[in-house]
Structures are given as structure tokens and as C-alpha cells.
Amino acid sequence: MVNTLAIIVGGLLGFLFQRLLNDKLQKTIIQAIGVSVIFIGISGTLSHMLVINGHTIGTQAL
């Protein structure tokens, strides 16, 4: 419920204030968000694949 509300509010704010940001800044923000999403995805995947035991890195037995 909170996530849905946050997405709706963020979308409305973006729609209302999009005229205040020039095209170059909008493109930069979208690219930064894209890189962040990729990083979060890779981190989540690796956290389920790799295990750190002491000073060694190994794979998790499935």
C-alpha cells in the first residue's frame, strides 16, 4: 500500500514539475536511475550466489 502510494505521488510530482527541468538534466537523471537499477539487480543476484566465509569467497550450494 505504501509503495503504491509512493509511486503515484512520485509520478504526479514528476508530471507537474517536468517543465522545471531541461532536457539534458532529465536525460541525466534517467541514466542515473538506470545505472542504479542495474547495480541493485546485480547486487541482489550476487548476494544469492556468493558466500563469504572468513577471507574466502565461494559459491552457495543449491
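Refer to the preceding data block for the structure.
In what follows, the accompanying structure is described. Just so we're clear, the structure is a prediction, and the values are computed from it rather than from any experiment.

1. Some thoughts on the overall build of the chain
Step number 1: Per the secondary structure count, the chain includes two helices and two strands.
Step number 2: Taken against the 2.2 N^0.38 rule, which gives 11 Å for 62 residues, the C-alpha radius of gyration of the chain at 19 Å runs more than 25% over that of a compact globule.
Step number 3: Across its three principal directions, the C-alpha atoms of the chain cover 50 × 30 × 20 Å.
Step number 4: Counting every position in the chain, which comprises 62 residues, the buried fraction comes to 0%.
Step number 5: Accessible area of the chain: about 5,900 Å², with a carbon and sulfur share of 73%.

2. Observations regarding the pairing of strand E2 (residues 56-59)
Step number 1: With four bridges connecting them, strand E1 (residues 50-53) and E2 associate as antiparallel partners. Paired with isoleucine 52 across the strands is isoleucine 57, a residue of E2.
Step number 2: With antiparallel pairing between neighbouring strands as the criterion, E1 and E2 make up a hairpin whose turn holds two residues, including glycine 54 at a positive phi of roughly 65°.

3. Digging into the environment of serine 36
Step number 1: Mapped onto the elements of the fold, serine 36 is located in helix H2 (residues 23-49).
Step number 2: Linking serine 36 and threonine 4, residues 32 residues apart in sequence, is a C-alpha distance of 20 Å.
Step number 3: Polar side-chain contacts of serine 36 include one of 2.9 Å to the backbone oxygen of alanine 32.

Conventions and cut-offs
For every chain, the first residue of the written sequence is number 1, and numbering continues from 1 onward in sequence order. Reporting of local features is limited, given that this is a predicted model, to residues whose pLDDT is at least 70; pairs of side-chain atoms are given and counted only at 80 or more, and all residues count toward the totals for whole chains, interfaces and linings. In computing side-chain values, all of the structure's heavy atoms are included and hydrogens and water are not. Helical segments are the DSSP runs of H or I of at least four residues, strand segments are the runs of E of at least two, and each set is numbered from the N terminus. Radius of gyration: over C-alpha atoms. The globule rule applied is 2.2 Å multiplied by the number of residues raised to the 0.38 power. Only protein chains enter the accessibility calculation, which uses a 1.4 Å probe. A residue is then buried if its area is under 20% of the maximum for its type, exposed if over 50%, and partly exposed in between. Methods summary: accessible areas were calculated by the Shrake-Rupley approach with a probe of 1.4 Å, and residue burial reflects only the protein chains presented. The criterion for strand pairing is that DSSP finds at least two bridges linking the strands in question. Polar contacts, as used here, are pairs of N or O atoms within 3.5 Å; protein pairs need one atom able to donate a hydrogen and one able to accept it. Residues neighboring in sequence count only if both atoms are side-chain atoms.

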